[in-house]
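Fold and geometry: a report
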Amino acid sequence: MTDLSYLAENLAVVQDRMKKAAERAGRKLQEVKLIAVSKTVGRAEVAEMARLGLRNFGENRIADAEEKFTSTTFENIISGSIEDTAPTLHLIGHLQTNKVKRAVALFDIIHSVDNLHLAEVLDKQAEAVGKRLPILLQVNVAEEASKQGTSVAELPALLEQTLEFKNLEVRGLMTIAPNFPEPEQARPVFAQLRELFEKYRQIGPQWSELSMGMTNDFEIAIEEGATLIRVGRALFLPQQAD
Ligand SMILES: *Cc1c(COP(=O)(O)O)cnc(C)c1O
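Residues numbered from 1 in each chain as written. Predicted model: local features only at pLDDT ≥ 70, side-chain atom pairs only at ≥ 80, totals over all residues. Heavy atoms only, no water.

1. Considering the nonpolar core
Counting residues in hydrophobic clusters, the biggest one holds 67 residues, and the most contacted among them are Phe 57, Leu 173 and Leu 235. If one sorts the elements of this core by residue count, helix α1 (residues 5-24) sits on top with seven residues. When sequence neighbours within four positions are dropped, the list of residues in contact with Leu 235 reads Leu 7, Asn 10, Leu 11, Val 14, Leu 34, Ala 36, Met 49 and Leu 54. Ile 109, Leu 136, Met 174 and Leu 228 belong to the second-largest nonpolar core, a separate cluster that totals five residues. (Core = buried A, V, L, I, M, F, W, Y, C linked by side-chain atoms within 4.5 Å. Buried < 20%, exposed > 50% of the residue type's maximum accessible area, 1.4 Å probe, protein only. Helix = DSSP H or I, 4+ residues; strand = E, 2+ residues; numbered from the N terminus. Contact = heavy atoms within 4.5 Å.)

2. So, the site of the ligand
Taken together, Val 37, Lys 39, Asn 60, Ile 92, Ile 176, Met 214, Thr 215, Arg 230, Val 231, Gly 232 and Arg 233 are the residues near the ligand. The separation between an oxygen atom of the ligand and a polar side-chain atom of Lys 39 is 2.8 Å. Gly 232 has a polar backbone atom sitting 2.8 Å from an oxygen atom of the ligand. Relative to its free-state accessible area of 390 Å², the ligand is covered by the protein chains to the extent of 91%. Here the shell around the ligand is built from residues that sort into five nonpolar, three polar and three charged. (Near = heavy atom within 4 Å. Polar contact = N/O pair within 3.5 Å; in protein donor to acceptor, adjacent residues only side chain to side chain. Areas by Shrake-Rupley, 256 points an atom, 1.4 Å probe, with all protein chains shown as cover. Nonpolar A, V, L, I, M, F, W, Y, C, P; charged D, E, K, R; others polar.)

3. Quick look at the packing of α1 against helix α2 (residues 43-51)
Remark: α1 packs on α2, axes separated minimally by 10 Å, with the N-to-C direction vectors making an angle of 50°. If you check the angle between α1 and α2, you find them oblique. α2 is crossed by α1, and the crossing has right-handed handedness. When α1 is examined against α2, the residues Tyr 6, Leu 7 and Leu 11 are found in contact with a partner set consisting of Glu 45, Glu 48 and Met 49. Within the contact of α1 with α2, the residues separate by chemical class into four nonpolar, no polar and two charged. (Axes fitted to C-alpha atoms, helices over the stretch in contact; angles between N-to-C directions. Parallel < 35°, antiparallel > 145°, perpendicular 65-115°, else oblique. Left-handed = near helix turned anticlockwise from the far one by under 90°.)

4. Description of the environment of Lys 39
Mapped onto the fold, Lys 39 is located in the loop between β1 (33-37) and α2. Note on Lys 39: relative accessible area 40%, which makes it partly exposed.

5. Remarks on helix α7 (residues 155-162)
For α7, every residue scored as buried is listed here: Leu 155, Leu 158, Leu 159 and Thr 162. For α7, the angular spread of the buried residues around the axis is 100°, confining them to a single face. Buried residues belonging to α7 abut α6 (116-129), β5 (133-138), β6 (168-174) and α8 (187-199). (Arc of directions from axis to C-beta.)

Okay, here's the thing in structure tokens:
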């Protein structure tokens, strides 16, 4: 068996960095949920992270998630453990409408809703299976041509329309910052998403999530108000001693 002990070390380092970032911002650590982005790893790593206590996992692709997040991945971990809550699965990658049925069957929340047609198809599928589906609207704050997401200019209309869907629960906003050489450069992007988020507070208590920050920039995102950070490499890559 492969030695997965580096995962516990990675997790401890990430949690310590989260704690320090929250302290710097005068926030409570419990306000920030760590989503382990497991897209590059397999079942064994996912199971080990679950054993270490993580209950939020993020995937980009439906097929990968279907293969990894079978009930048996978690069965042994969850039965008999103290914290026996089922994992929450986050879809963080682009979703094509022809995969909506599978996505709604598997995922607990979709971070990547960025157009009205997708929201419409999700609403219909959520209705068909009788669930109220939590979603976030993905905003391309930095207006990068290569990135998904609605533009800042189009957000108000998209938000107004998605709030009409009875089977969707619109919980907040998500963004991916450009891959800057310095994490600090992401700060204005995160600050802008937080301002947009605060502008719509009147939506009510369901409006509660700000999904921003990845391996390179999650500390800045926490300082700027993230409630969900999506971390892959810092958790799952064996770290080199340098
Ligand atoms: C891969 C991915 C992440 C995690 O990225 P890391 O740099 O590995 O932490 C977060 N969010 C999205 C949308 C991703 O695709």
